[in-house]
Amino acid sequence: MGVFQQVVRPVILGAAQSSRMRRAAEQIPVTRKVVDRFVAGETVPEAMDAVAQLRDSSRTVTIDYLGEDTTKVEDADATVRAYLDLLDALGKRGEAANTKVRPLEVSLKLSALGQALPRDGEKIALENAHTICERAKGIGAWVTVDAEDHTTTDSTLSIVRELRTEFDWLGTVLQSYLKRTPADCEEFAASGARIRLCKGAYDEPASVAYRDMDDVTDSYLRCLGVLMAGSGYPMVASHDPVIIEAVPALARETGRSVADFEYQMLYGIRDAEQRRLADEGNQMRVYVPFGNEWYGYFVRRLAERPANLTFFLRALAERKPKATPAV
Ligand code: FDA
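Let us look at the structure shown here. Within each chain, residues carry numbers counting from 1 in the order of the written sequence. Under the rules for a predicted model, residues below a pLDDT of 70 receive no local features and side-chain atom pairs below 80 are neither given nor counted, while totals for whole chains, interfaces and linings still include all residues. Each side-chain value is worked out from all heavy atoms of the structure, with water and hydrogens disregarded.

On to the nonpolar core, then. In terms of nonpolar packing, the biggest core is built from 67 residues, with Leu-90 and Val-106 touching the most fellow members. For this core, the element with the most residues is helix 5 (residues 73-91), which contributes 7 residues. Contacts are assigned to residue pairs that have any heavy atoms within 4.5 Å of one another. When near neighbours in sequence (up to four residues on either side) are disregarded, Leu-90 contacts Met-48, Val-51, Ile-63, Leu-104, Val-106 and Ile-139. In terms of nonpolar packing, the next biggest core, distinct from the first, is built from 23 residues, Phe-4, Val-34, Tyr-297 and Leu-309 among them. Nonpolar core, defined: a set of buried Ala, Val, Leu, Ile, Met, Phe, Trp, Tyr and Cys residues in which side-chain atoms within 4.5 Å join the residues together. Exposed residues in this analysis have more than 50% of their type's maximum accessible area, buried residues have under 20%, and partly exposed residues fall in between, with area computed by a 1.4 Å probe over protein chains only. Numbering of helices and strands runs from the N terminus, with a helix taken as a DSSP run of H or I at least four residues long and a strand as a DSSP run of E at least two residues long.

Written out as structure tokens, the structure reads:
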């Protein structure tokens, strides 16, 4: 394992939890410039501009209102209102809602909807997600539930199972770095669910997760094989060329056409590759985060790839020195 994976990544991911680091990062003006590369603005109109551009280039979208680890009921309520506003704005686009693959989708973090609240957190998150699913159904959009750190997985999947009894189109994310995930893939693939498979972005202990990136990629390909062979709808969420190149053969072997699965990447990452896949007739969905709670999301992107961190550090180094104050 490289120095970046072994030493740098855990330190950066540790910073994602630090409110002191968060305040410091928010105060450096250059952070904003780098954040803009990964985040589509702070407001619904800004997110809608990004959606319009992506739709113009034949890409579908999933939109995430940034925020996580809510500790107040009022904040969870505000997140629900933000999603309802977003869905209303998406509804106004008037896109066909009866297509097999819905072009518009929102992604939710249950921790932003109250899952971690000390009293009735799981119940509150379930009710809040239900409210959002109802509105999404009304405009013909899909909803997918994000995966957070491993301590939340059981609770998240039980909420998803419950919601799927009413909204069978609800999707969820599974993370290939978790050792439990092949079994979760078997379960959800058999129930015909939409599953977004990603590698996983949190710093997890070796007791529950693979920590070597080659092991994570091997696990990804095994899990994807299970999803492709199942009766659900696999969503291949990765920028990794090794994974993307493996997909056509897997689809052929399991008798899937390009309409029966989709590729997914994050906003601002490998844009040219996203366009190539879309131009070749594949379904390519882009995860578009927006809002002002960008810190945790941004730090996870820095921890993924030395080049992302280098980009940030270079921007910091290139900062114009302040004019010397007159004395
Ligand atoms: P990885 O970062 O391991 O990169 C592998 C290779 O891809 C690199 O070596 C390089 O060759 C290439 N590459 C990557 N980025 C590149 C770039 N910018 N330019 C050129 N080449 C590049 N995680 C989570 O824990 N919970 C979640 O709910 C989600 N949700 C989610 C949704 C979607 C749509 C995506 C795409 C990802 C997530 N993730 C996530 C994040 C995910 O777990 C993971 O951290 C990142 O996608 C990074 O892993 P990759 O598989 O993309 O490859």
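Each residue is tested against the molecule or strand, and it is near if at least one of its non-hydrogen atoms lies within 4 Å. Neighbouring the ligand are 25 residues; Lys-199, Gly-200, Ser-238, His-239 and Glu-304 lie closest to it. At a separation of 2.9 Å, an oxygen atom of the ligand approaches a polar side-chain atom of Gln-175. At 2.6 Å, a side-chain N or O of His-239 approaches an oxygen atom of the ligand. Protein chains bury 83% of the 960 Å² of accessible surface belonging to the ligand in isolation. Broken down by secondary-structure element, the contributors of at least two residues to the shell around the ligand are strand 4 (171-175), strand 5 (194-198), strand 7 (262-266) and helix 12 (295-304). Element by element, the count of residues in the shell around the ligand is highest for strand 7, at 3 residues. Taken together, the residues that form the shell around the ligand break down as 12 nonpolar, 5 polar and 8 charged. A 3.5 Å cut-off defines polar contacts: any pair of N or O atoms within that distance qualifies, except that in protein one atom must be a possible hydrogen donor and the other a possible acceptor, and neighbouring residues in sequence count only when both atoms are side-chain atoms. Every accessible area reported is derived by Shrake-Rupley at a probe size of 1.4 Å, with residue values counting cover from the shown protein chains alone. Three classes are used, and their members are as follows: Ala, Val, Leu, Ile, Met, Phe, Trp, Tyr, Cys and Pro are nonpolar, Asp, Glu, Lys and Arg are charged, and the others, Gly among them, are polar.

What follows covers the sheet that holds strand 4. Strands are treated as partners if at least two bridges between them are detected by DSSP. One closed barrel accounts for 8 strands, arranged 1-2-3-4-5-6-7-8; its pairing is parallel. With direction set aside, neighbouring strand axes in the sheet form an average angle of 30°. In this structure, strand 1 (residues 60-65) lies alongside strand 8 (residues 284-290), joined through 6 bridges in parallel fashion. Across the sheet, residue Thr-60 finds its bridge partner in strand 8, namely Arg-285. Lines are fitted to the C-alpha atoms to define the axes, a helix being fitted only along its stretch in contact, and any angle between axes, read from their N-to-C directions, falls within 0 to 180 degrees. Along the sheet, helix 10 (residues 241-253) makes contact with strand 6 (233-237) and strand 7, crossing strand 7 at roughly 170°.

Next up on the list: the pairing of strand 6. Counting buried positions along strand 6 yields 5 of 5 residues, so the element is predominantly enclosed. Where burial is concerned, the two faces of strand 6 agree: the one with Tyr-233, Met-235 and Ala-237 and the one with Pro-234 and Val-236 are both buried. Both strand 5 and strand 6 contribute to a ladder of 4 bridges, which runs parallel. If you follow Leu-197 over to strand 6, its bridge partner there is Val-236. Here strand 6 pairs with strand 7 via 3 bridges, running parallel. Residue pairing for strand 7: Val-236 is matched across the bridge by Tyr-263. Convention used here: a crossover is right-handed provided that the path from the first strand, over the helix, to the second strand proceeds clockwise when the strands point away from the viewer. Crossover connection from strand 6 via helix 10 to parallel strand 7: handedness right-handed.

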